[in-house]
Amino acid sequence: MISIKSPREIELMRIAGEIVGDTHKYLIPYLKPGISTQEIDNLARDYIISRGATPSCYHYEGYPANICISINEEVVHGIASKRKLKDGDIVTLDICACYKGYHGDSAWSYPVGNISEEKKYLLEHTEQALYQGLRVVKEGAHVGDIGEAVETYALEHQLGVVKELVGHGVGSQLHEDPEVPNYGKKGTGPVLKAGMVIAVEPMLNLGTADVYLLDDDWTVVTADGEPSAHFEHTILVTKDGYTILTKR
Ligand code: MF3
Ligand code: CO
């Protein structure tokens, strides 16, 4: 079942999304060589709490940290540790916050210091893939329209599309219906209606699409060790388009 949010729910999700976007903005200046991912996680937790929200990831299905921090070949769900960011890394912060019972969810990949041309290419084109997916969103569009738009763009740019992880509805639960894959076919899948809230989140790899799960049971990495990027917004579907709830 895909829920249609009431005006009150949309208002709470707007605030949750704003807190997520502001947490990104707050953390960007800290993403420098030498900071540990544990320090970033602590800063995120304290900032989210200072805004009257809670980090949705904390203890979500047993997840042991407050946000997900994934470096280079880590695709998603990297866990904070003593590991320090290094010059030339790319780091993805996937931040979820819950405000008065409603969630916002946004991931963004960032350069650390000076990164290679191919990592720049990956970041630019994965961000563009997100906007290609969002471009087709409006009442009456199918979820498959988003997947086809993202996948077509990614393949045109020789990037691997991760298929094991998908976007999702967002609301009083962090993950709600529908699933929003980054692949698919126009005109297939559930039909979007105004008032639905979904997270669109392409995860693209510089190499092949294949990924696997590390022994920590959370961190997903690329099979070939090539870097991966992830750009995600939580959006409200409207009559003729969408509104980004996790603006930054
Ligand atoms: N944005 C992540 C996702 O949609 C949130 C994961 S929370 C975690 O998968 F606890 F599973 F890490
Ligand atoms: Co998500």
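Residues numbered from 1 in each chain as written. Chains lettered and ligands numbered in written order. Predicted model: local features only at pLDDT ≥ 70, side-chain atom pairs only at ≥ 80, totals over all residues. Heavy atoms only, no water.

## Brief notes about the site of ligand 1
Around ligand 1 sit 13 residues in total, of which Cys57, Tyr63, Asp94, Asp105 and His175 are the nearest. A distance of 3.1 Å separates an oxygen atom of ligand 1 from a polar atom in the side chain of His77. At a separation of 2.8 Å, a nitrogen atom of ligand 1 approaches a polar side-chain atom of Asp94. Here ligand 1 has 330 Å² of accessible area as a free molecule, and 94% of this is covered by the chains. Split by residue class, the shell around ligand 1 holds 6 nonpolar, 3 polar and 4 charged. (Near = heavy atom within 4 Å. Polar contact = N/O pair within 3.5 Å; in protein donor to acceptor, adjacent residues only side chain to side chain. Areas by Shrake-Rupley, 256 points an atom, 1.4 Å probe, with all protein chains shown as cover. Nonpolar A, V, L, I, M, F, W, Y, C, P; charged D, E, K, R; others polar.)

## Section: the pattern of salt bridges
Throughout the structure, instances matching the rule amount to 10 salt bridges. Here Asp22 ties to Arg51 by a salt bridge, and the two come within 2.7 Å at their closest N and O atoms. You can see Asp22 sitting in helix H1 (residues 7-27) and its partner Arg51 sitting in the loop between helix H2 (37-50) and strand E1 (54-55), a full 29 residues away along the chain. Taken together, the shared-partner salt bridges in this structure form one network comprising Glu11, Arg14, Glu18, Asp22, Lys25 and Arg51. (Salt bridge = Lys/Arg side-chain N within 4 Å of Asp/Glu carboxyl O. Helix = DSSP H or I, 4+ residues; strand = E, 2+ residues; numbered from the N terminus.)

## Points about the packing of H1 against H2
Pairs of packed helices are described in terms of their axes, by the angle between the two and the distance that separates them. The geometry of H1 relative to H2 is characterised by a closest axis approach of 10 Å and an angle of 140° between their N-to-C directions. The angle between the axes of H1 and H2 places the two elements in the oblique class. Where H1 crosses over H2, the handedness of that crossing is right-handed. Mapping the contact onto sequence places Ile19, Asp22, Thr23, Tyr26 and Leu27 in H1 and Ile40, Leu43, Ala44, Tyr47 and Ile48 in H2. In terms of residue class, the contact of H1 with H2 is built from 8 nonpolar, 1 polar and 1 charged. (Axes fitted to C-alpha atoms, helices over the stretch in contact; angles between N-to-C directions. Parallel < 35°, antiparallel > 145°, perpendicular 65-115°, else oblique. Left-handed = near helix turned anticlockwise from the far one by under 90°. Contact = heavy atoms within 4.5 Å.)

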